[in-house]
Amino acid sequence: RGHYASLYTSFGCPFDCDYCNIHTIYQGRAVYYRPPEEVIAEIGLLVNTYGVKNLKLCDELFTLNQDHVKSICSGIKDYNLNIWAYARLDSVDEDLLSVMKDAGINWLAYGFESVGDKKFIDRTERVIDMTRDAGINIIGNFMFGLPSDTEETMQASLAFAKKYLFEYVNFYVAYPYPGSRWYEETGPSLEWHENNQYGNKRMAFRDEAFIDYFTYPPYLEMIRARFGSQAVSHIQEMVR
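**Student:** So what about the side chain of Thr131? Which residues, and what values?
**Tutor:** Counting through the fold element by element, Thr131 comes out in helix H5 (residues 118-133). At 2.8 Å, the side chain of Thr131 forms a polar contact with the side chain of Tyr110. Once you skip the residues sitting within four places of it in the chain, Thr131 turns out to touch Leu97, Tyr110, Ile136 and Ile138.

Now the structure itself:
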């Protein structure tokens, strides 16, 4: 829990997912990159002056520009850091994953969102295998309650997560947030206070899925084997 810091190496996202309103923060879909040498110098300061060992890269999608990623990774690979970052299924390959692992990127968060057709599954399986072959842990991000969702599709997403035993998952309730195309198409279908991810009953499925996943015996045994009994105890306390 200590020796931790977070920073951005880029700002913005070029994609236009209909449920997402992140572009409103950046007033458009351009991506702005910090100079790699500036990022490397900042990380050096965090390591050498403040003893940072654990680092979160907050970029919306760190892996968008491979040259940017590789430049940063080459400058920090000797710091022996433990890093996590956001990635996208279509923005990584074996070479990039190897470079990131060498730099200490041990965790990548992928947005699986809602499990779709067979082509999605095939492509996703290849990325999961590549990431694990590189020695990188996967955080799976899923959403429940998208306009196309049914009880069946939400159960399929939960089953998908349990099949691959991602080292961690985030389960979110999908909302038509102001600024998203979903909101623009449907109008203000919720009162503002109803947009809270927690503390309401709009999507009981998400809460049940969360408990289901983090109490799933094969998952807990995987965590015990990978990270030890202390990690299992932490997860069990989280669920309680």
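**Student:** Residue-level account of the packing of helix H2 (residues 36-50) against helix H3 (residues 66-76), with values.
**Tutor:** Between H2 and H3, whose axes approach to 9 Å, the crossing angle comes to 35 degrees. Seen along the crossing, H2 lies across H3 with a hand that is right-handed. The residues of H3 that touch H2, namely those facing Pro36, Val39, Ile40 and Ile43, are His68, Ser71, Ile72, Gly75 and Ile76.

**Student:** Outline the pattern of salt bridges, listing residues and values.
**Tutor:** Counted by the stated rule, this structure contains 14 salt bridges. A salt bridge links Asp16 to Arg29; the nearest nitrogen and oxygen atoms lie 2.6 Å apart. Of this pair, Asp16 sits in the loop between strand E2 (10-11) and helix H1 (23-26) while Arg29 is found in the loop between H1 and strand E3 (32-33), placing the two residues 13 residues apart along the sequence. Classification of Arg29 as partly exposed rests on a relative accessible area of 33%.

**Student:** Tell me what's going on with the sheet that holds strand E8 (residues 168-173), and back it up with residues and numbers.
**Tutor:** With parallel pairing, the 6 strands of this open sheet are ordered in space as E1-E4-E5-E6-E7-E8. The sheet is open, and its two borders are formed by strand E1 (4-7) and E8, each paired with just one other strand. This sheet shows a mean twist of 20 degrees between the axes of neighbouring strands, independent of strand direction. Strand direction decides the pairing type here: strand E4 (residues 54-57) and strand E5 (residues 82-87), joined by 4 bridges, are parallel. Looking at the pairing, Lys56 lines up with Trp84 of E5. Taken strand by strand, helix H6 (residues 151-164) contacts strand E6 (105-113), strand E7 (137-144) and E8, and its axis lies near 170 degrees from that of E7. Contacts from helix H8 (residues 204-214) reach E7 and E8, with the element oriented near 170 degrees to E8.

**Student:** I'd like a rundown of the packing of helix H9 (residues 217-227) against helix H10 (residues 229-239), residues and numbers included.
**Tutor:** It is at 7 Å that the axes of H9 and H10 come closest, and there the two elements cross at 140 degrees. With respect to H10, the axis of H9 lies oblique. Residues Tyr219, Leu220, Ile223, Arg224 and Phe227 of H9 lie in contact with H10, whose contacting residues are Ser229, Ala231, Val232, Ile235 and Gln236. Looking at side-chain class alone, the contact of H9 with H10 contains 7 nonpolar, 2 polar and 1 charged residues.

The rules we used
Residues numbered from 1 in each chain as written. Predicted model: local features only at pLDDT ≥ 70, side-chain atom pairs only at ≥ 80, totals over all residues. Heavy atoms only, no water. Helix = DSSP H or I, 4+ residues; strand = E, 2+ residues; numbered from the N terminus. Polar contact = N/O pair within 3.5 Å; in protein donor to acceptor, adjacent residues only side chain to side chain. Contact = heavy atoms within 4.5 Å. Axes fitted to C-alpha atoms, helices over the stretch in contact; angles between N-to-C directions. Left-handed = near helix turned anticlockwise from the far one by under 90°. Salt bridge = Lys/Arg side-chain N within 4 Å of Asp/Glu carboxyl O. Buried < 20%, exposed > 50% of the residue type's maximum accessible area, 1.4 Å probe, protein only. Pairing = 2+ DSSP bridges. Parallel < 35°, antiparallel > 145°, perpendicular 65-115°, else oblique. Nonpolar A, V, L, I, M, F, W, Y, C, P; charged D, E, K, R; others polar.

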